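Fold and contact review
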Amino acid sequence: SVTLDAYGSGVSFSATVISVDSAQTLINDSPTYKAVLELANDDARIKADLTANVNIVAATHADVLEVPASAIIRRNSDDFVLLNTGAAKPEDRQVQVGIQGIDGMVEIVSGLAPGDKIVDFGGETNI
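Notes on the structure in this doc start here. (Residues numbered from 1 in each chain as written. Predicted model: local features only at pLDDT ≥ 70, side-chain atom pairs only at ≥ 80, totals over all residues. Heavy atoms only, no water.)

**Details of the overall build of the protein chain**
Selection rule: Per the convention used, a helix needs a DSSP run of H or I reaching at least four residues, while a strand needs a run of E reaching at least two, with both numbered from the N terminus. Computation of the radius of gyration draws on C-alpha atoms alone. For the globule rule, the value is 2.2 Å times the number of residues to the power 0.38. Only protein chains enter the accessibility calculation, which uses a 1.4 Å probe; a residue is then buried when its area is under 20% of its type maximum, exposed when over 50%, and partly exposed in between. Contacts were defined at the residue level, with two residues in contact if any of their heavy atoms lie within 4.5 Å.
Across its full length, the protein chain holds zero helices and 14 strands. Moving toward the C terminus, one meets the helices and strands of the protein chain in the order β-β-β-β-β-β-β-β-β-β-β-β-β-β. Its C-alpha atoms give the protein chain a radius of gyration of 21 Å, more than 25% over the compact-globule value 14 Å for 127 residues. Once the C-alpha set of the protein chain is aligned to its principal axes, its extents read approximately 65 × 30 × 25 Å. Taken across its 127 residues, the protein chain has 17% of its residues classed as buried. Put simply, 44% of the contacts in the protein chain that link residues at least 6 apart link residues at least 24 apart.

See the structure below:
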């Protein structure tokens, strides 16, 4: 979705990414990649030289299990969580992770079930 400063954040235009440069450009020592977007509809309000703000969604998955990223323990190339089974010590449970959201949550593809309780640095989390 694209918003234009001239119209405020309440007016959004749909767009699709049609290309991304493969070579980075450093801006303030941060790597950036030029992306070209195509607006879904022609709109007379869109003029040359307007400042745009773009929100690009790379992937979405609905109805998935997710845990805080702080709960994921990486050992070698494997991912684990600490499962609270009611025993004195939490059990290591290997999980397969999926996409990570900007909200700090990580999709769990396999290894956990709804109702499982895991431990993370913020405390116990119910799945």
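**What to know about a nonpolar patch on the surface**
Short version of the rule: Every patch collects residues that have over 30% relative accessible area and no salt bridge, joining them within 9 Å if they carry like charges and within 5 Å if they are nonpolar side chains (Val, Leu, Ile, Met, Phe, Trp, Tyr). Here the Shrake-Rupley method, with its probe set to 1.4 Å, supplies the accessible areas, and only the displayed protein chains count as covering residues. Here, a salt bridge means any Lys or Arg side-chain nitrogen found within 4 Å of an Asp or Glu carboxyl oxygen.
Taken together, Val-17, Val-20, Tyr-33, Val-54 and Ile-56 make up a surface patch of nonpolar side chains, about 440 Å² in accessible area. In this fold, Val-17 is placed in strand S3 (residues 15-20).

**Considerations on the sheet that holds strand S2 (residues 12-13)**
Cut-off, in case you're wondering: Being paired, for any two strands, means DSSP has found at least two bridges between them.
Strand order across the open sheet formed by three strands is S2-S1-S7, with antiparallel pairing between neighbours. Only two strands of the sheet have a single neighbouring strand rather than two, namely S2 and strand S7 (52-54). Where strand S1 (residues 2-4) lies against S7, three bridges are found, and the strand directions are antiparallel. Among the inter-strand pairings, Thr-3 is bridged to a residue of S7, identified as Asn-53.

**Side note on the pairing of strand S12 (residues 105-110)**
Here is the key point about a regular strand: its side chains alternate between the two faces of the sheet. In this sheet, S12 lies alongside strand S8 (residues 65-68) in antiparallel orientation, the contact comprising four bridges. In the strand pairing of S12, Val-67 is matched with Val-106. With three bridges connecting them, strand S11 (residues 91-100) and S12 associate as antiparallel partners. Paired with Val-97 across the two strands is Ile-108, which belongs to S12.

**Considerations on the nonpolar core**
Put simply, the rule reads: By convention a nonpolar core is built from buried Ala, Val, Leu, Ile, Met, Phe, Trp, Tyr and Cys residues, the set being connected through side-chain atoms within 4.5 Å.
Leu-65, Val-67, Ala-71, Val-81, Leu-83, Val-95, Ile-108, Leu-112 and Ile-118 form the largest nonpolar core, which has nine residues in total. Broken down by secondary-structure element, the contributors of at least two residues to this core are S8 and strand S10 (78-83). If sequence neighbours within four positions are ignored, Ile-108 has contacts with Leu-65, Glu-66, Val-67, Ile-72, Val-95, Gln-96 and Val-97.

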